[in-house]
Amino acid sequence: MGTKINMAWYLHNDVVEVAKNLLGKLLCTNFEGVVVKGKIVETEAYSGDNDKACHANNQRLTKRNRVMFAAGGHAYVYLCYGIHHLFNVVTNLKGKADAVLIRALEPVEGIETMLKRRKMDRLEKRLTGGPGVLSQAMGIKTEHYGTALNGNSIWIEDAPKVPGEQIVSGMRIGVEYAEEDAQKPWRFYIKENSWVSRF
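An account of the accompanying structure is given in this report. Just so you know, these numbers come straight off a predicted model, no measurement behind them.

**Section: the overall build of the protein**
Move 1: Counting secondary structure elements, the protein contains three helices and eight strands.
Move 2: Listed by position from the N terminus, the elements making up the protein come as α-β-β-β-β-β-α-α-β-β-β.
Move 3: Against the 2.2 N^0.38 benchmark of 16 Å for 199 residues, the protein shows a C-alpha radius of gyration of 15 Å, consistent with a compact globule.
Move 4: In terms of principal-axis extent, the alpha carbons of the protein reach across some 45 × 35 × 35 Å.
Move 5: Sorting the 199 residues of the protein into buried and exposed places 53% on the buried side.
Move 6: Long-range contacts, defined here as pairs at least 24 residues apart, represent 63% of the contacts in the protein between residues at least 6 apart.

**Let's talk about unusual backbone geometry**
Move 1: Located in the positive-phi region is Ala97, a residue other than glycine, with phi close to 60°.
Move 2: As for its position among the elements, Ala97 is in the loop between strand 4 (84–91) and strand 5 (98–109).
Move 3: When its relative accessible area of 0% is taken as the criterion, Ala97 is described as buried.

**Some details on the packing of aromatic side chains**
Move 1: On inspection of all chains with the given rule, the structure shows three aromatic pairs.
Move 2: With a centroid separation of 5.4 Å and 85° between ring planes, the pair formed by Trp9 and Tyr10 is classed as edge-to-face.
Move 3: Of the residues examined, Trp9 reaches a relative accessible area of 27% and is grouped as partly exposed.
Move 4: Overall, the relative accessible area of 0% leaves Tyr10 in the buried class.

**Describing helix 2 (residues 111–118)**
Helical geometry note: an α-helix holds 3.6 residues per turn, so side chains three or four residues apart project in the same direction.
Move 1: Turning to helix 2, its buried residues are Met114, Leu115 and Arg118. Taken down its axis, helix 2 places every buried residue within 100° of arc, on the same side. Counted as exposed and oriented over 90 degrees from the buried face of helix 2: Glu112 and Lys116.
Move 2: Where helix 2 is buried, its residues touch strand 2 (34–46), strand 5 and helix 3 (131–138).
Move 3: Lys119 occupies a position one or two residues after helix 2 and carries a positive phi of about 55°.

Rules and cut-offs
- Residues numbered from 1 in each chain as written.
- Predicted model: local features only at pLDDT ≥ 70, side-chain atom pairs only at ≥ 80, totals over all residues.
- Heavy atoms only, no water.
- Helix = DSSP H or I, 4+ residues; strand = E, 2+ residues; numbered from the N terminus.
- Rg over C-alpha atoms; globule rule 2.2 N^0.38 Å.
- Buried < 20%, exposed > 50% of the residue type's maximum accessible area, 1.4 Å probe, protein only.
- Contact = heavy atoms within 4.5 Å.
- Phe/Tyr/Trp six-rings, centres within 6.5 Å; stacked < 30°, edge-to-face > 60°.
- Arc of directions from axis to C-beta.

Take a look at the structure:
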């Protein structure tokens, strides 16, 4: 097992920097003794302070987003379109409500389990190249809402930092409703990585 990122790492006060720094790290799950790992290759940053694309914009607390107001290092998992379980990493200090959506993974370990969960018979981009499908492949569901990311069910392992010249930034996907905030270049991915959801 690699080195788990410690909880203090998630308390960084710049969610955009955390979104970039998560690239290359390994998202890991262990459910019923089955370990699965994927390299994070695409992320999106969301800020609770003045970001209309964020569920907690202007510090708006709801039943759904309450874990975003916890200290960094917890899982924010929500259901999108009633189908897709989307996994987010809560960041910043308690009460700040920042989070990073994990948008795509490159499979590393437990690939047979991923394929089985996705009902697929061969390795291809649609296995983990998108936020909904990666959660399915990793076994992450809304029941894991609030999980601390230093435990033994969901965690992130450290890895060398991706050099800045290998990181591409662009607008977030599916947030057209956010008016001017939809233009923020807060989506990040590893350049030319074949597992990124969209180029």
